[in-house]
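Coordinate inspection notes
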Amino acid sequence: MERPRRDTKPDVRPHKVDVLEHGAAIGGEPQSMDRRLFMQLSVYRAAPSLEPKAALSLLRGQLEAIGALAVLYRDVHDPRSIGLLTWHTLAARLVELNQALFSTPGTEALTLRPEFSMFGRTYSSGFEPDLHYWLIDRPQQTVLNSEWPWAIWYPLKRKGSFEQLAPEEQRAVLGEHARLGKTYGEQDLAHDVRLVCHGLDQHDNDFVIGLTGKELQPLSHVVQAMRKTRQTSEFIQSMGPFFLGYTEWRNAGRPPSD
């Protein structure tokens, strides 16, 4: 006897997208957060009518007045340029900060250098033992440490071929890179801030990297050493431009809150 036909309909239930950050389980309990830092680097050149020291003083005064979390860098390559790093857990606060900052008389003499604009967010890999520390505390401690005045910031873009690797091979490639970076950090030579910027970067880069340290040479050395890793030598499509700064001023401001 022929069995009755059953009508089959495609599963049209909406797929729930997980946008949380996840860390290593603690005591069998998973870690997850819906908070991360958004960090923005902007570089400005002072017009001839505004002395570089006066430009730094102008920005510093306004950042202090609005209680912004920020770092000001002197641009090593351009004595008339200033790097401004800001961050918050709410991206909209960075928009508000920029509007407030550049509504100030005098700031019209500062011209944005868009080739050095970088914007990204902290992210997790799923293995972090302390998710809050990795996403919120560590990046701030790294850029605010008064013993690490030198900084190099740069974006990078991976080749699409990396995404075609099997997950275990991806982990091996990233692990080699991470172990090398950890060695520099443990010896207090170079410390990093790693941000993802998919869809946030005007040039379609994938990541923003910040390196800080006591001396400049080890920061250059770690970039050189990373060129030999498989990730950089095989799977990086582009890097840079590189912003090289020496810290002029830091402000811990008011801790970000939602």
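Scope of this entry: the structure provided in the associated data block. (Residues numbered from 1 in each chain as written. Predicted model: local features only at pLDDT ≥ 70, side-chain atom pairs only at ≥ 80, totals over all residues. Heavy atoms only, no water.)

Okay, the packing of helix 4 (residues 167–186) against helix 5 (residues 216–226) next. Here helix 4 crosses helix 5 at 160°, and the two axes come no closer than 11 Å. With respect to their mutual orientation, helix 4 and helix 5 come out roughly antiparallel. Two packed elements cross with a definite hand, and for helix 4 against helix 5 that hand is right-handed. Residue-level inspection shows His177, Leu180, Gly181 and Tyr184 of helix 4 in contact with helix 5, the latter providing Pro218, His221, Val222, Ala225 and Met226. Across the contact of helix 4 with helix 5, the residue classes tally to six nonpolar, three polar and no charged. (Axes fitted to C-alpha atoms, helices over the stretch in contact; angles between N-to-C directions. Helix = DSSP H or I, 4+ residues; strand = E, 2+ residues; numbered from the N terminus. Parallel < 35°, antiparallel > 145°, perpendicular 65-115°, else oblique. Left-handed = near helix turned anticlockwise from the far one by under 90°. Contact = heavy atoms within 4.5 Å. Nonpolar A, V, L, I, M, F, W, Y, C, P; charged D, E, K, R; others polar.)

To continue, consider the side chain of asparagine 251. Note on placement: asparagine 251 falls in strand 12 (residues 243–251). In this structure the side chain of asparagine 251 is engaged in a polar contact, spanning 2.9 Å, whose partner is the backbone oxygen of alanine 68. Residues contacting asparagine 251, with those up to four places away along its chain left out, are Leu63, Glu64, Gly67, Ala68, Leu69, Ala70 and Leu144. (Polar contact = N/O pair within 3.5 Å; in protein donor to acceptor, adjacent residues only side chain to side chain.)

The volume enclosed by the largest pocket comes to roughly 1500 Å³. Forming the walls of the largest pocket are 48 residues, and the residues nearest its centre are Tyr123, Trp134, Leu174, Ala178 and Arg194. Of all the secondary structure elements, the ones that give two or more residues to the lining of the largest pocket are helix 3 (131–144), strand 8 (150–158), helix 4, strand 9 (191–196), strand 10 (207–213), helix 5, helix 6 (230–235) and strand 11 (236–239). With twelve residues, the top contributor of residues to the lining of the largest pocket is helix 4. (1 Å grid on protein atoms, 1.4 Å probe; cavity = no way out; pocket = protein on both sides within 12 Å on 5 of 7 lines; lining within 4 Å. Points joined across faces, edges and corners; volume = space filled by probe spheres on them.)

This part is about empty space enclosed by the protein. Scanning the model with the defined rule gives two cavities of 30 Å³ or more in all. A volume near 70 Å³ is recorded for the largest cavity. In terms of lining, the largest cavity is formed by Thr122, Tyr123, Trp134, Arg138, Pro139, Val193 and Arg194. Only helix 3 and strand 9 provide two or more residues apiece to the lining of the largest cavity. Considering every element that reaches the lining of the largest cavity, the biggest residue donor is helix 3, with three residues. A breakdown of the residues in the lining of the largest cavity according to their chemical character gives four nonpolar, one polar and two charged. The space that makes up the second largest cavity amounts to roughly 30 Å³. Every residue along the wall of the second largest cavity is listed here: Glu115, Phe116, Ser117, Met118, Pro155, Asp201, His203, Asn205, Gly240 and Pro241. Its residues assigned to classes, the lining of the second largest cavity comprises four nonpolar, four polar and two charged.

If you look at the biggest cluster of nonpolar residues, it comprises 23 residues, and the most contacted ones within it are Met39, Tyr73, Leu85, Trp87, Val143, Trp153 and Phe243. Listed by contribution, the elements that provide at least two residues to this core are strand 3 (38–46), strand 4 (70–75), strand 5 (81–88), helix 3, strand 8 and strand 9. Here the element with the most residues in this core is helix 3; it accounts for four residues. (Core = buried A, V, L, I, M, F, W, Y, C linked by side-chain atoms within 4.5 Å. Buried < 20%, exposed > 50% of the residue type's maximum accessible area, 1.4 Å probe, protein only.)

For the peptide bond that leads from glycine 240 to proline 241, omega is 10°, which places it in the cis range. As for its placement among the helices and strands, proline 241 is situated in the loop between strand 11 and strand 12. Phi is positive for aspartate 188, which is not a glycine, with a value near 55°. Residue position: aspartate 188 is located in the loop between helix 4 and strand 9. One non-glycine residue, aspartate 204, lies in the positive phi region at around 65°. Structurally, aspartate 204 is set in the loop between strand 9 and strand 10.

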